[in-house]
Amino acid sequence: MRLGEPQAEACATRSGFTLGELMVAAAAREILDGEWVFVGMRLPLLAFLVAKRLHAPRAVGLYENGVIRVDPAPEMLYTMADPPNQRGATYCGEMTRVMSLLQQGCVDVGFLGAAEVDRHGNLNSTWGRRDGQVVRLPGSGGAGDIACLAKRTVVLMAHQPHRLVERVGYVTSPGYGTGGDWRSAIGLRAGSGPAAILTTMGVLRFDETGDAYLASVHPGVAVGQVVANTGWKLRVAADLGETPAPSAAELGVIREFDPEGFWTRQP
Amino acid sequence: MAIEQNSKLLTMGEAIARYVPSGSSVLMGAAMEQLIPFAAGHELIRQDRRDLTLIGPISDILFDQLIGAGCVARVEAAWVGNVSAGVGYNLRRATEQGVPRPVEMIDYTNFTVALALHAAALGVPFLPTRSTLGSDVLARNPHLVEFRSPVGGEKLVAVEALAPDVAILHVQRADAQGNAHAWGGLGVQIDGARAARRVILVAEEIVEPEVIASDPNRTEIPGMLVSAVVHEPWGAHPSPVQGYYGRDHAFFHEYHERSRKREDFENWLREWVLGVENRAGYLERLGAERRGTLGVREHAWSAAVDFGY
């Protein structure tokens, strides 16, 4: 995702870091040491670099074009097939050689973006609707595969009421379906599913029934603002916290790899 | 270089004219974001192909350009857009307004595209997967069918085999027979070559057969599968080719801005496709200076392997 909200600028002027940087740092913390990570595109490309450098040096990155990396790429990436991501890779080859590991259930966490998400973490990136008009979106790419097959997923989204909806109009990437034991009932692995939705306002997590609640708000964001910008009646955690600001070390890595702010300092 | 008598070398114009009639189903962008055969796609537009079915996992902006040029009736893909910039405006106009013509979308995921091609490559009617269970991709794509596994009884999805009429595949180097070396992430390129009824191979370099034969494990595509070989240096620009040139990020972002409005896209198309005779004309427009900034800055040769005995 790229940021296009007024919050981005407010965040930057207030605190010495941008909203994009906050989200990258939050995403990086979702990666634990030693995990196999389906890295995906955009902000998560940076999050993987931060995690590898700081707290998850043994994490492994998998890319659906057919690349596996133990050592992260040495420079900024715009796509997973950029030459710096292929030189020095642990493996380069076919998509099925990477997707096979995903389908076996070996991938711990995958990152996803979408135009719409609902309270059960189902994602739509195919057919949207805006002002009563049908909108064609790019489609699944590998997102549907990752949502079905990874142990857990982390979603990055802009927080707007037309994006966080009660029920998505098209399920590109299944989350917890209609809740409860829906995933195992339709044939997906029990215990898999979305772990968090990192938005431009806060972090949503899921209870045991697969229903999302607000777990933390970003610095300077009011709870009421988050609830008002969510398309369903969002529950708020009793122990609601504030999303930790990116540390100096995290900001250092982000700015080393994205010196122009292409991903993290969008207007 | 001495060309053998039975060489398959053709110009891009000849290869498209001979092997890709209107109405064909065409696999392109099989290696994902690198090795995208833009030169071939632009020749399809210049030769005014109509009613094509585009097949691929993703294609970055190539599918958007062909849709905007009115060449496409149907897309069977996982993703159509602009990878580093966002949506594909021509895709939106075609699907939302029928401009310049309506396009039918058959949505897959990356993995199910790979399995559909792999099934065709294996010569079986389908392959099973757990992916897409519970999704509307499964519900709406007639080539994905839920079933109970005859072994163990689990719910699975049958991905129907998909055999494109033509695969257009860009590689780093090939000989005149189409024996091809490719490296970097290869996406679904290897299965694509085996699944398609015909293969048009586009190569940055044509080398002697001994070069290819020296490293058979790197021969991703054997020449016996190939109908035509096109020597087209820089034929994948603006996508990258490992060891030859990097990704022209600015080109993708310029295209994003210039395809937002239909009229601007038509100007873009005249400038970069219709207004140039062939790839040489495109490269002249691109300019030596811009190409210079994209070239390899630091070589990184792999170590040789010993096939001796």
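Shown above is the structure to which this text applies.
Note that this is a predicted model, so its numbers are computed, not measured. (Residues numbered from 1 in each chain as written. Chains lettered and ligands numbered in written order. Predicted model: local features only at pLDDT ≥ 70, side-chain atom pairs only at ≥ 80, totals over all residues. Heavy atoms only, no water.)

Undergrad: I'd love a proper account of the pairing of strand β3 (residues 52-56) of chain B, names of residues and values included.
TA: Residues and elements named next belong to chain B. Most of β3 is tucked away, with five of its five residues classed as buried. On β3, burial covers both faces: L52, L54 and G56 on one face and T53 and I55 on the other are all buried. Bridge count for strand β2 (residues 25-27) against β3 is three bridges, and the pairing is parallel. Looking at β3, one finds that V26 is bridged to L54. (Buried < 20%, exposed > 50% of the residue type's maximum accessible area, 1.4 Å probe, protein only. Helix = DSSP H or I, 4+ residues; strand = E, 2+ residues; numbered from the N terminus. Pairing = 2+ DSSP bridges.)

Undergrad: Explain the pattern of salt bridges to me, and be specific about the residues and the numbers.
TA: Residue and element names in this part refer to chain A. If you walk through the whole model with that rule in mind, you get 30 salt bridges over all chains. Its salt-bridge partner being R29, residue E250 comes within 2.9 Å of it at the nearest N-O pair. Of this pair, E250 sits in helix α9 (residues 248-257) while R29 sits in the loop between α2 (19-28) and β1 (36-38); the two residues are 221 residues apart in sequence, bridging distant segments of the chain. With a relative accessible area of 28%, R29 lands in the partly exposed category. Residues R97 and E94 are paired through a salt bridge, measuring 3.4 Å at the closest nitrogen-oxygen approach. A residue is classified by how much of its surface remains accessible, and E94, at 11% relative accessible area, is buried. (Salt bridge = Lys/Arg side-chain N within 4 Å of Asp/Glu carboxyl O.)

Undergrad: Now, about the interface of chain B and chain A: what can you tell me, with residues and values included?
TA: Facing the 53 residues of chain B at the interface are 51 residues of chain A. Note on chain B versus chain A: buried area summed over both sides is about 4,100 Å², and carbon and sulfur give 57% of it. The largest share of the area that chain B buries against chain A comes from F111(B), R130(B) and Q242(B), three residues that together contribute 14% of it. Linking chain B to chain A there are three salt bridges. A salt bridge links R297(B) to E75(A); its shortest N-O distance comes to 3.7 Å. Where chain B touches chain A, the interface holds 27 residue pairs in polar contact (both at pLDDT 80 or more). (Contact = heavy atoms within 4.5 Å. Buried area = accessible area lost by both parts, 1.4 Å probe. Polar contact = N/O pair within 3.5 Å; in protein donor to acceptor, adjacent residues only side chain to side chain.)

Undergrad: If you had to explain helix α4 (residues 89-97) of chain B to someone new, which residues and values would you point to?
TA: An α-helix turns once per 3.6 residues; consequently, residues spaced three or four apart project the same way. Every buried residue of α4(B) is listed here: Y89(B), N90(B), L91(B), R93(B), A94(B) and T95(B). Phi turns positive, to about 70 degrees, at G98(B), one or two residues after α4(B).

Undergrad: Tell me about the side chain of S59(B), and please be specific about residues and values.
TA: The topology assignment puts S59(B) in the loop between β3 and α3 (61-68). S59(B) has contacts with I36(B) and W79(B), leaving out every residue within four places of it along the chain.

Undergrad: Provide a residue-level description of the packing of helix α3 (residues 43-54) of chain A against α9(A), including the pertinent values.
TA: Residues and elements named next belong to chain A. For the pair α3 and α9, interaxial distance at closest approach is 9 Å and the crossing angle is 130 degrees. Classified by the angle their axes make, α3 and α9 are oblique. As α3 runs across α9, the sense of the crossing is right-handed. On α9, the residues that touch L46, L49, V50, R53 and L54 of α3 are A249, E250, V253, I254, E256 and F257. In terms of residue class, the contact of α3 with α9 is built from eight nonpolar, no polar and three charged. (Axes fitted to C-alpha atoms, helices over the stretch in contact; angles between N-to-C directions. Parallel < 35°, antiparallel > 145°, perpendicular 65-115°, else oblique. Left-handed = near helix turned anticlockwise from the far one by under 90°. Nonpolar A, V, L, I, M, F, W, Y, C, P; charged D, E, K, R; others polar.)

Undergrad: Provide a residue-level description of the state of the cysteines, including the pertinent values.
TA: Residues and elements named next belong to chain A. This structure, assessed with the given rule, holds zero disulfides over all chains. In this structure C148 is a free cysteine whose sulfur lies 16 Å from that of C106, the closest cysteine sulfur available. Residue C148 is classed as buried on the basis of its relative accessible area, which comes to 2%. (Disulfide = S-S within 2.5 Å.)

Undergrad: Can you break down the sheet that holds strand β6 (residues 126-129) of chain B residue by residue, with the values?
TA: Residue and element names in this part refer to chain B. Pairing is antiparallel across the open sheet formed by three strands, whose spatial order is β6-β8-β7. The sheet is open, and its two borders are formed by β6 and β7 (144-148), each paired with just one other strand. In this sheet, adjacent strand axes meet at a mean angle of 35 degrees when their direction is disregarded. Examined bridge by bridge, β7 and strand β8 (residues 155-160) share five bridges and lie antiparallel to one another. In the strand pairing of β8, E146 is matched with V157.

Undergrad: Describe the sheet that holds strand β4 (residues 91-92) of chain A, and please don't skip the residues or the numbers.
TA: Residues and elements named next belong to chain A. The sheet built from ten strands is open, its strands ordered β4-β3-β2-β1-β5-β10-β12-β13-β14-β15 with mixed pairing. Two strands lie at the open edges of the sheet, namely β4 and β15 (235-242), each paired on one side alone. Sheet topology places strand β14 (residues 212-217) next to β15; four bridges connect them, and they run parallel. Within the sheet, the bridge partner assigned to Y213 lies in β15 and is R235. In the packing of α3 onto the sheet, contacts are made with β1, β2 (60-63), β3 (67-69), β5 (109-113) and β10 (152-157), and the angle to β2 comes to roughly 160 degrees.

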